[in-house]
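Coordinates in review
The primary structure of each chain is shown beneath.
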Amino acid sequence: MTQLIAQRPEPGTPRPYRFPAVVRRSVAGGSVVAADLPGHNLAVASLLLDAGGGRETIGVEGVAEVLAKALEEGTASRSAADYAVALESLGTDLSLSIDWDSFAATVQVPVAALPAAVELLAEAVRRPKLDPADIERVRDDEAESLRLYWANPGPRADAVLRSDLFGAEVRHGRPLSGDPRTVGALSVDDVVGFHRSWFMAPGTLLVAGDLSRIDLDALGRAAFAGADESSPVVGEPFPAGGRTTRRIVLVDRPGSVQSTLRLGHTAPHRSHPDYVPMTLGAIVLGGAFTSRLNHLLREVRGYTYGIRSEYGLSRRFGRFVTSAGVQTAVTAPALVDAVGEIARTQSEGVTEPELAVARDWRAGQLSVGLQTPRAYASALSTLVVHDLPDDYHARLRESLLHATVDEVSAATAAHLNAEGITLVVEGDAAAIRSELEATGLGEVVTAAI
Amino acid sequence: MSETGYPWPIETTRLANGMRVVVSEDRSAPVVAVNLWYDVGSRHEPDGQTGFAHLFEHLMFEGSVNVPKTEHMRLVQGNGGSLNATTNPDRTNYFETLPAEHLELALWLEADRMGGLVPALVQETLDNQRDVVKNERRQRYENVPYGDAWLRLLPLLYPEGHPYHHPTIGSMEDLNAAELATFQAFHRSYYVPDNAVLTVAGDAAPAEVFALAAKYFGGLTAGGQRPPAPTGSLAGWAGPVSSVVAAEVPAPRVYLAHRTYPYGSTEHDAVTVLATVLGQGRGSRLYRLLADGARLAQPDTVGAYGVDLAYAPAPLIASATARPGVTAARLGAALAEVVDELVTGEVTEQELARAQALLETEWWTAVATVDGRADLLSRYTTLFGDPARVGSRLPGWRAVTTSALAEVAREVLRPEDRVTLVYEPMEAVA
């Protein structure tokens, strides 16, 4: 006969939280920021430049992405094929990532191969060949790649939401990687010019690994060789703004078996003092599995495989977004439920049991999520991009654990905007349009995209 | 350089009810991973019950005798943890990683749903999770271009009646017909201690884990006879086979697939290296010949990989999407030519070294986390009865030679054994 233990166990003794000591060096005009991870076989190095999508001007959206791809098309001393084989034979690719605030080129290798991998990284980033014919080919490939990507549900809805929130006349009102048309129209000069403008500053080299086996100064010298000494100035945050009336924007996807929802509004930038209570509020609303949105739309109604809400915050602007795919036939009631939960959270705030989950989850994830060199490199990147102190993660943990119901409820009241939220619905317009109109949630307009 | 791919201690025990327990201590981070493999997957599903193992996995999160509905997720996340579960043809796994002081909570939760799910399982829960799974199917497979490729490849690769013939997500018809009693019986058959492996990796001592495992799982009763998975046979499979699909896709795409060897064999190690030579990275054959050289394929769409299935020859799949103006036929012929060259030509030492270096990093990445380690230990215990064999995977890749690659390529990449799946954009066909 099976015997179960009915009593839920109490937790054991908590282990102390410790973020590794952050080591900072000034080398050859640039900065090295490192975390010591004794015993790890792998090490990560990432060259971080202030050259993200936010540095692009209107009309050349996606140029950073095309440049990133062009970096691997050969260097001053190596063909593209030779470069690929040299780097991959060390055990790594050149991982290139671009967000609104930064460009990062990252290698991950067994520790002994790190010096050679950083040399190759620097060769591509600082001394790429950038042959015009290669750039044109890469640009065409990237435009086609975006066309393929935009055939998925989501990218069009994201673009429509972004444009509605910020306006297409500012850079961040347009897609981070541009769209198939804008990328196809980029010139060789656009790409070479972006490199000249933003890739010659030294930037920061992030290193995570067993520092007893790594010469940080040598890595820094390799990464910063040939860079000039000026660092770009970060602009002030844009005014947040926000709509006062709700609207539904329909993006047609004929025959779609699901409707892709992107519900959003503007939000403060990343370094806003409400960062902690605001993001905890988003976890209660739609971050945790047992969050209000996921509980109602998935676990009670069965409308979706999952729904989540989060703040996307960068240095100069932010937005709040709720995302889900819902079965076509239940699009309208799903939208009503989602808006209802967002409005309730804004007006009534959070409860202690819900906040307890959010708090402990995020605090615990600082340990659970930080195990690999790559995860530590990413944590270092947060320090550098947002100019945070070395003890930031330890302090963040404390502020998460001490956030109160009143503080978080005040933040949800101040930063959620249920009345002015834009409800982008990418789905089968013929099947759902009249039902969306009947919800009374707001005017229904169709996006031409 | 480490000789073994697993330089951490491994200790094991077996409870009186047959449950195997594996512990791998590592005090470097204050976290602990708990991982269970149940030896049941979609390969066990009889006709008319496709998708049941996976739907059942969902039910495991919906409450048990001492854990009310939604509490499982709330308790794990609310104590700082991450959690999930996955189902594939071979097995079902459940896992959570928590701050180490919550180890006992995780074991309590896992034991309660292993020993006490059935009394808590109600029709309303089944109906709700059936809808969730149907939406998972829509979201992952039906609403995205090429999303159903895996669903289409399996029946081409494995004949009717073979355990890998049908996909794990199942069919909408079978999901609609799923009855509560079937799931109750499913749990009684397969969710028993002697059909499970529990692994704990991270900030916990073996003696402590063994004692807690005995405390929480020791009172569970061993299962009875379980229906064996159908063995299936490939005899009579006649190839080559090809299938052309007209679909809402933005460009032609071609998949080539071959059945190779089961996961865990020396030959499977060689196939993993071969797939890396063929289709991983910018230095791979597919990238150099199809994307860069002939410019037939979109650069970011070419790739090849071996699938980690253990109970029949696992597939190696290569795929590429056409550049504008390139037909599926032209791309398909070129893709086949690249694969054929692996049979007729030779892989160079440089190509082999590149692939092995990439796999070396991939391996150390997989074992860099306690959750990655716990899953591998559960895998090797379930599949081979020996968690320590996990250390042999990386040396296995290192030991592959160019002649071993030539040998497996000749054996499994024959054109007559090939499965080809082609997607054509709807308008190109009309």
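Residues numbered from 1 in each chain as written. Chains lettered and ligands numbered in written order. Predicted model: local features only at pLDDT ≥ 70, side-chain atom pairs only at ≥ 80, totals over all residues. Heavy atoms only, no water.

Structural notes on the sheet that holds strand S11 (residues 419–425) of chain B
Within a beta sheet, neighbouring strands are joined by backbone hydrogen bonds and run either parallel or antiparallel to one another. All names here are of chain B. Judged by pairing direction, the sheet is mixed, and its five strands sit side by side in the order S7-S11-S8-S10-S9 without closing on themselves. Looking along the sheet, the strands with just one partner apiece sit at the ends: strand S7 (241–247) and strand S9 (303–306). Across the sheet, the mean angle separating the axes of adjacent strands is 15° when strand polarity is ignored. With seven bridges joining them, S7 and S11 adopt parallel strand pairing. (Pairing = 2+ DSSP bridges. Helix = DSSP H or I, 4+ residues; strand = E, 2+ residues; numbered from the N terminus. Axes fitted to C-alpha atoms, helices over the stretch in contact; angles between N-to-C directions.)

Regarding the side chain of Ser367(A)
By the element assignment, Ser367(A) lies in helix H12 (residues 352–368). Given the relative accessible area of 10%, Ser367(A) is considered buried. Not counting residues within four places of it along the chain, the set of residues in contact with Ser367(A) comprises Tyr17(A), Pro30(B) and Val31(B). (Buried < 20%, exposed > 50% of the residue type's maximum accessible area, 1.4 Å probe, protein only. Contact = heavy atoms within 4.5 Å.)

As for the interface of chain B and chain A
Taken together, the 80 residues of chain B in the interface contact 70 residues of chain A. Roughly 6200 Å² is buried in total at the junction of chain B and chain A, and carbon and sulfur atoms are behind 55% of that figure. Where Arg323(B) meets Asp141(A), a salt bridge forms, and the shortest distance between an N and an O atom there is 3.2 Å. Of all the elements in the fold, those that place two or more residues in the side of chain B that touches chain A are helix H2 (71–77), strand S5 (92–99), helix H3 (103–115), helix H4 (123–142), helix H8 (206–217), helix H10 (285–293), helix H12 (349–366) and helix H13 (370–384) of chain B. In terms of residues, the side of chain B that touches chain A owes the most to one element, H4(B), which gives 10 residues. The residue makeup of the side of chain B that touches chain A, split by class, is 27 nonpolar, 31 polar and 22 charged. (Buried area = accessible area lost by both parts, 1.4 Å probe. Salt bridge = Lys/Arg side-chain N within 4 Å of Asp/Glu carboxyl O. Nonpolar A, V, L, I, M, F, W, Y, C, P; charged D, E, K, R; others polar.)

Side note on the pairing of strand S2 (residues 20–25) of chain B
Two faces, one strand: in a regular strand the side chains alternate between the faces of the sheet. Residues and elements named next belong to chain B. Within S2, five of the six residues are buried, which leaves it mostly tucked inside the rest of the structure. Two strands pair when backbone bridges link them, and strand S1 (residues 11–14) and S2 are joined in this way by four bridges, in the antiparallel orientation. Note that in S2 the partner of Glu11 across the bridge is Val23. Between the antiparallel neighbours S1 and S2 lie five residues, among them Gly18 with a positive phi of about 100°. Note that S2 and strand S6 (residues 196–202) share six bridges and pair parallel. Each residue of the ladder has a partner; that of Val22, found in S6, is Thr199.

Some details on the UniProt feature "domain: Peptidase M16 N-terminal" (unreviewed entry) in chain A
Mapped onto the present numbering, the UniProt feature "domain: Peptidase M16 N-terminal" (unreviewed entry) falls on residues 33–164 of chain A. The span residues 33–164 of chain A is 44% helix and 18% strand, and its two end C-alpha atoms sit 38 Å from each other. (UniProt positions renumbered as here; feature names shortened; annotations may be inferred.)

Re helix H14 (residues 392–402) of chain A
All names here are of chain A. Here H14 has its buried residues at Tyr392, His393, Leu396, Arg397 and Leu400. In a view along the axis of H14, the buried residues occupy a sector of 140°, so they form one face of it. Opposite the packed face of H14, turned more than 90 degrees from it, sit the exposed residues Arg395 and His402. Looking at the buried side of H14, the elements it contacts are helix H9 (275–286), H12 and helix H13 (373–385). (Arc of directions from axis to C-beta.)

Let's talk about the UniProt feature "domain: Peptidase M16 C-terminal" (unreviewed entry) in chain B
Summarizing the sequence annotation, UniProt attributes the feature "domain: Peptidase M16 C-terminal" (unreviewed entry) to residues 181–359 of chain B in the numbering used throughout. The straight-line gap between the two end C-alpha atoms of residues 181–359 of chain B is 45 Å; of that span, 41% is helix and 18% is strand.

Section: the pairing of strand S10 (residues 315–321) of chain B
All names here are of chain B. The buried count for S10 comes to seven of seven residues, which makes it a mostly enclosed element. Burial of the side chains of S10 extends over both faces: Pro315, Ile317, Ser319 and Thr321 are buried on one face and Leu316, Ala318 and Ala320 on the other. Bridge analysis of strand S8 (residues 253–259) against S10 gives seven bridges, and the strand direction is antiparallel. Its bridge partner being in S10, Arg259 is matched across the sheet by Pro315.

Concerning the UniProt feature "domain: Peptidase M16 C-terminal" (unreviewed entry) in chain A
UniProt tags residues 186–359 of chain A as "domain: Peptidase M16 C-terminal" (unreviewed entry). Its end C-alpha atoms 45 Å apart, residues 186–359 of chain A is made of 39% helix and 24% strand.

Regarding the pattern of salt bridges
As enumerated under the stated definition, the model contains 55 salt bridges over all chains in all. When the shortest N-O distance is used, the salt bridge between Asp50(A) and Arg55(A) registers 3.0 Å. Each of the two residues, Asp50(A) as well as Arg55(A), counts as buried. Residues Asp140(A) and Arg139(A) are paired through a salt bridge, measuring 3.1 Å at the closest nitrogen-oxygen approach. A single salt-bridge network, built from bridges that share partners, covers Glu72(A), Glu73(A), Asp134(A), Arg137(A), Arg282(B) and Asp292(B).

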